[in-house]
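# Geometric and topological summary
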Amino acid sequence: MKTSALRLLLILGLTALLSMPVAARSAKRWNDKMPPAAGAPRSIGLYTSGCIQGAQALPSTGPGFQTIRRSRQRFFGHPALIQYIQGLGQIMDTEDLGILSIGDLGQARGSPIPSAHRSHQTGLDVDIWFWLQPRSRPMTTTERETAQPPSMVTNGRLALSPKQWTPRQMRLMEAAAGFENVERIFVTPPVKQALCKGYPGAAWLRKVRPWWGHRAHLHVRLRCPHGDPACVNQPPPPEGDGCDATLAWWFTDEARRPPRGKSKPTPMPEACQAVLAK
């Protein structure tokens, strides 16, 4: 290739990179760092602006669970998250409820994911499909790369589909929220509504929060591990089980119009630069 042509390609490539939003450039930079950062496990910063040192990889499969779209390299998390998933999978397996399909955890060093998420940055978040694969037929590796989860909602997203939502999904939610270190579980509002009716007064309902999207999966978030001072917890959920007027709002026309625009990203902690450099 001629020198002039090569120079042109380099200029065009640099121009394209600089034209990317700052957050996207940062995400790509972190995404290029595939191995976990060596050292004792540490979750650093906010769920939406942070990183992780000493992340562990979730095995491809295990009792009661299988990972989805593993080629995206988002199967890393804090050891506490790995233990949580394995513990929940064991409950599913023991009770013969089906196989959990585990979606995104986070990248090997956390940080912004190039697409789809604002959180999942400190190794403490995981997406789990509501749909439960029959234990007698686990998906093949190819199927797990291409499968699409069914939505749990119908009637303009105001009600649960009786075809998809069953007592097994109710038990999944109860088990998922029952771990002491679960901070929040984000779900579509009809799921929260069903849980309020099915488990009136249950203390764990406080952890389950309605949120936009999440029609096909639950998003589990663990609280910061003990002795991890660089990790920043969210403020605790409001008092009560959340089965009051705050839940009713989610079924109004106002709630069905999610806010547009993106908030300004929070700068990453300085400690994350050391994680990136390892």
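Now for a quick tour of the structure. (Residues numbered from 1 in each chain as written. Predicted model: local features only at pLDDT ≥ 70, side-chain atom pairs only at ≥ 80, totals over all residues. Heavy atoms only, no water.)

### Describing the state of the cysteines
This model, assessed by the stated rule, comprises 3 disulfides. The side chain of Cys51 participates in a disulfide bridge whose partner is Cys272; the two sulfur atoms lie 2.1 Å from each other. Across the S-S bond linking Cys51 and Cys272, the dihedral sits near -95 degrees, which makes this disulfide left-handed. Taken as a pair, Cys51 in strand E2 (residues 49-53) and Cys272 in helix H8 (residues 271-277) lie far apart in primary sequence, 221 residues in all. Overall, the relative accessible area of 0% leaves Cys51 in the buried class. Assessed through its relative accessible area of 0%, Cys272 is described here as buried. A sulfur-sulfur distance of 2.1 Å marks the disulfide that ties Cys224 to Cys231. Between Cys224 and Cys231 the sulfur-sulfur dihedral comes to about -75 degrees; the bridge is accordingly left-handed. Classification of Cys224 as buried rests on a relative accessible area of 8%. By relative accessible area, Cys231 is classed as buried at 10%. Along the protein chain, the cysteines engaged in disulfide bonds are linked according to the scheme 1-6, 2-5, 3-4 when indexed in sequence order. (Disulfide = S-S within 2.5 Å. Helix = DSSP H or I, 4+ residues; strand = E, 2+ residues; numbered from the N terminus. Buried < 20%, exposed > 50% of the residue type's maximum accessible area, 1.4 Å probe, protein only.)

### Here's the deal with the nonpolar core
If you look at the biggest cluster of nonpolar residues, it comprises 45 residues, and the most contacted ones within it are Met173 and Leu218. When contributions to this core are tallied by element, the ones reaching two or more residues are helix H3 (79-94), strand E7 (100-102), strand E8 (125-129), helix H5 (167-177), strand E11 (182-187), helix H6 (189-198) and strand E13 (217-222). Per-element accounting of this core gives the leading share, 7 residues, to H3. (Core = buried A, V, L, I, M, F, W, Y, C linked by side-chain atoms within 4.5 Å.)

### What to know about unusual backbone geometry
Its identity is not glycine, yet Asp96 carries a phi of approximately 55 degrees, on the positive side. With respect to the helices, strands and loops of the structure, Asp96 is situated in the loop between H3 and E7. Even without a glycine there, the phi angle at His214 is positive, about 60 degrees. Along the chain, the position of His214 falls in the loop between strand E12 (208-210) and E13.

### Some details on the pattern of salt bridges
Under the counting rule described, the total for this entry stands at 12 salt bridges. Here the residues in one salt-bridge network are Glu180, Glu183, Arg184 and Arg223, joined through shared partners. (Salt bridge = Lys/Arg side-chain N within 4 Å of Asp/Glu carboxyl O.)

### A look at H3
Its 16 residues place the ends of H3 22 Å apart at the C-alpha level, agreeing with the 22 Å of an ideal helix rising 1.5 Å per residue. Taken residue by residue, H3 has Pro79, Ala80, Leu81, Ile82, Tyr84, Ile85, Leu88, Gly89 and Met92 as its buried positions. (Expected span 1.5 Å × (residues − 1).)

### Here we look at the environment of Ala194
By secondary structure assignment, the location of Ala194 is in helix H6. Expressed as a C-alpha distance, the spacing of Ala194 and Cys243, which sit 49 residues apart in the sequence, is 10.0 Å. Non-local contacts of Ala194, meaning those with residues more than four positions away in its chain, are made with Leu160, Trp165 and Met170. (Contact = heavy atoms within 4.5 Å.)

### Quick word on the packing of aromatic side chains
In this structure the tally under the stated criterion is 11 aromatic pairs. Aromatic side chains Phe130 and Trp165 sit 5.4 Å apart centroid to centroid with 75 degrees between the ring planes, which places their arrangement in the edge-to-face category. Taken as a pair, Phe130 in the loop between E8 and helix H4 (141-146) and Trp165 in the loop between strand E10 (159-160) and H5 lie far apart in primary sequence, 35 residues in all. Overall, the relative accessible area of 0% leaves Phe130 in the buried class. Measuring from ring centre to ring centre gives 5.0 Å for Tyr199 and Trp204, while their planes differ by 65 degrees; the resulting arrangement is edge-to-face. (Phe/Tyr/Trp six-rings, centres within 6.5 Å; stacked < 30°, edge-to-face > 60°.)

### Focus on the packing of H3 against H5
At a closest axis distance of 10 Å, the pairing of H3 and H5 adopts a crossing angle of 140 degrees. One way to sum up the angle between H3 and H5 is to call them oblique. In this structure, the crossing between H3 and H5 has a hand that is right-handed. Residue-level inspection shows Tyr84, Leu88, Ile91 and Met92 of H3 in contact with H5, the latter providing Arg171, Leu172, Ala175 and Ala176. Its residues placed into classes, the contact of H3 with H5 shows 7 nonpolar, no polar and 1 charged. (Axes fitted to C-alpha atoms, helices over the stretch in contact; angles between N-to-C directions. Parallel < 35°, antiparallel > 145°, perpendicular 65-115°, else oblique. Left-handed = near helix turned anticlockwise from the far one by under 90°. Nonpolar A, V, L, I, M, F, W, Y, C, P; charged D, E, K, R; others polar.)

### Observations regarding the pairing of E11
With 6 of 6 residues buried, E11 lies mostly within the body of the structure. Where E11 lies against E12, 3 bridges are found, and the strand directions are parallel. Its bridge partner lying in E12, Ile185 is registered against Val208. Handedness of the crossover is the feature at issue here: the chain leaves E11, passes through H6, returns alongside E12, and the resulting connection is right-handed. (Pairing = 2+ DSSP bridges. Right-handed = clockwise from strand over helix to strand, strands pointing away.)

Shape is all these values report; function is a separate question.
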